[in-house]
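In case you want the letters, here they are:
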Amino acid sequence: MKVSNDPDEVLVTYSLGSCIALAVYDPVVKVGGMIHYMLPDSNLDKQKAKERPFMFANTGIPVLFKSCFKLGAKKNRMIVRVAGGSQLMDQSEFFNIGKRNYAALRKLFWRNNVMIKGEDIGGNVNRTMSLNIKTGTVTLKISGRGEVVL
Amino acid sequence: MIDMQNILKKIDKLPPFPAVYRKAMQLLQKPDTSVDALIQVIQYDQAITANVLRMCNSAYYGLQRKIHSLRDGLVVLGNNQLMEIVSGCTVVDFYQKKGHGYGLERGDLWKSAISSALISQIICKLIGVAETPTIFTATLLHDLGKMVLNDFVWEENEKIVQLVEEGGYSFEEAEQNVLGMDHAEVGAMIAEQWSFPEDIIRAIRLHHSPEKAPEDDVITPIVYLSDIATIMLGIGVGSDGLSYRGKEKVMKRFGLKEKDLERVMVDFYEAYNNVQRILSMDE
């Protein structure tokens with residue numbers, strides 16, 4: 001996880017695969033943050049979740065928001081963008097971590113009344129996400145296919 | 001169609017990953033470096049491992065049995081020849097290439113090789129199969145073909161990606177369609193050309209179609225799962241993305257559940273951090 005209020009900074013997280021990147025940004029105070037989590041639920045390994053909360057959606061996402069609030073961001077101004085959660089082809093429940101990663105985020109957002117402004121989820125592609133702290137622009141680089149603004 | 005036979009003839013030596021090469025050279029320059037210390041560093045490099053296996057299994061040594069791993073190879077070669085192999089490697093290729101056809105940097109392939117090798121060890125523990133050096137080597141080397149195609153496949157890549165996007169092909173099916181063979185087959189052909197052991201050649205060849213391996217072959221399905229988990233983590237993934245087939249039969253064969261794959265990923269994270277510490281790499 002990274003949070004910043006330095007306008008010269010661009011936060012980047014690479015190669016998401018079935019992981020999910022979440023970028024949040026408050027345009028008024030120009031505070032932004034990003035998390036790249038790997039798995040949906042910390043119940044898998046509570047000890048590990050204590051050491052590395054950002055590995056899991058349910059333990060990592062709340063810390064991301066709180067860290068931005070500490071820098072002056074306000075929840076009602078936060079612009080939220082999400083990418084990743086790719087899947088293998090014709091995957092069964094054995095391989096659907098991407099889907100469950102996204103479901104965990106939706107559940108958390110629904111409970112806490114958070115809206116998603118932009119998202120690029122699922123499919124078979126590999127994504128890299130960056131967040132420009134000066135402008136709040138979120139860019140996705142898709143391996144072998146080019147760049148898009150989310 | 002690209003002339004694969006001709007390309008394969010040109011594949012002579014593979015360049016190691018610069019971070020491994022630098023670290024190994026540092027160790028080789030110290031007079032008191034032990035072979036164990038050197039192995040600790042180079043065991044994670046698919047190019048050095050491949051070059052060692054190639055040399056040990058060559059007709060020159062005329063061994064009765066095949067060499068399956070770096071450590072076994074070193075018994076045959078001795079320290080001096082190992083040093084020759086490592087110091088004779090070149091990393092020039094890394095910087096001369098303008099880019100790569102499969103959208104992969106060499107570092108990506110290295111990361112993916114070592115990640116899947118580490119994951120294979122975790123999976124072995126989980127399913128109660130002995131962690132053999134052969135499984136480690138086969139997993140480390142399974143994408144040899146990608147290393148090669150990444151450097152030679154350019155305009156064909158677009159056609160491959162198009163088939164994946166529009167035709168519902170998996171990446172290796174699209175490769176077969178466009179190139180006449182997939183990266184698994186290319187890797188197996190190199191491994192054959194270099195006289196690797198049969199079980200390693202088979203695992204490389206069938207790492208996306210483990211159902212074609214004989215029932216008593218445990219290596220190929222482990223290589224498959226290790227590769228799939230690595231791909232799902234987005235490691236070493238280029239224009240192929242996650243366009244591979246998830247085969248639940250392999251999971252069922254080992255009695256694995258969906259949560260087990262998550263468990264593997266958690267454990268992998270620690271193992272990978274340890275390797276990065278050994279090589280003192282950034283990122």
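The shown structure was predicted, so the numbers you read here are calculated from the model rather than taken from an experiment. (Residues numbered from 1 in each chain as written. Chains lettered and ligands numbered in written order. Predicted model: local features only at pLDDT ≥ 70, side-chain atom pairs only at ≥ 80, totals over all residues. Heavy atoms only, no water.)

Moving on: the domain arrangement of chain B. How big an interface is tends to be expressed through the accessible area that disappears when the partners come together. Residues and elements named next belong to chain B. Annotation of chain B at the domain level lists domain 1 (15-93) and domain 2 (99-278). The centre of domain 1, based on its C-alpha atoms, is set 23 Å off from the matching centre of domain 2. Taken residue by residue, the interface counts 21 residues in domain 1 and 23 residues in domain 2. For the pair domain 1 and domain 2, the two sides together bury roughly 2000 Å², of which 69% comes from carbon and sulfur. A per-residue breakdown of the area domain 1 buries against domain 2 is headed by Y44, Q46 and H68, which together make up 38% of the total. Run the count over domain 1 and domain 2 and you get zero salt bridges. Applying the counting criterion to the domain 1 and domain 2 interface returns six residue pairs in polar contact (both at pLDDT 80 or more). Looking at the side of domain 1 that touches domain 2, the elements that each hand over two or more residues are α2 (18-29), α3 (35-42) and α4 (46-56). Looking at which element gives the most residues to the side of domain 1 that touches domain 2, the answer is α4, with six residues. (Domains from an automatic or database assignment. Contact = heavy atoms within 4.5 Å. Buried area = accessible area lost by both parts, 1.4 Å probe. Salt bridge = Lys/Arg side-chain N within 4 Å of Asp/Glu carboxyl O. Polar contact = N/O pair within 3.5 Å; in protein donor to acceptor, adjacent residues only side chain to side chain. Helix = DSSP H or I, 4+ residues; strand = E, 2+ residues; numbered from the N terminus.)

What follows deals with the pairing of strand β8 (residues 138-142) of chain A. Residues and elements named next belong to chain A. Within β8, four of the five residues are buried, which leaves it mostly tucked inside the rest of the structure. Counting the residues in the hairpin turn of strand β7 (residues 127-132) and β8 gives five residues, including G136, whose phi is positive at 80°. The pairing of β8 with strand β9 (residues 146-149) spans four bridges and is antiparallel. By the bridge assignment, L140 is partnered in β9 with V148. Where β8 folds back on β9, the antiparallel hairpin that results is connected by three residues, among which G144 adopts a positive phi of roughly 75°. (Buried < 20%, exposed > 50% of the residue type's maximum accessible area, 1.4 Å probe, protein only. Pairing = 2+ DSSP bridges.)

All names here are of chain B. Relative to the elements of secondary structure, N79 occurs in helix α5 (residues 70-88). Look at N79 and you get partly exposed, because its relative accessible area is 39%. Along the backbone, N79 and L109 are 30 residues apart, and their C-alpha atoms lie at a distance of 27 Å.

Our next topic: the packing of aromatic side chains. Counted under the stated rule, the structure contains six aromatic pairs over all chains. Each residue in the set F65, F69 and F109 of chain A is aromatic and connected to the rest through ring pairs, giving one cluster. (Phe/Tyr/Trp six-rings, centres within 6.5 Å; stacked < 30°, edge-to-face > 60°.)

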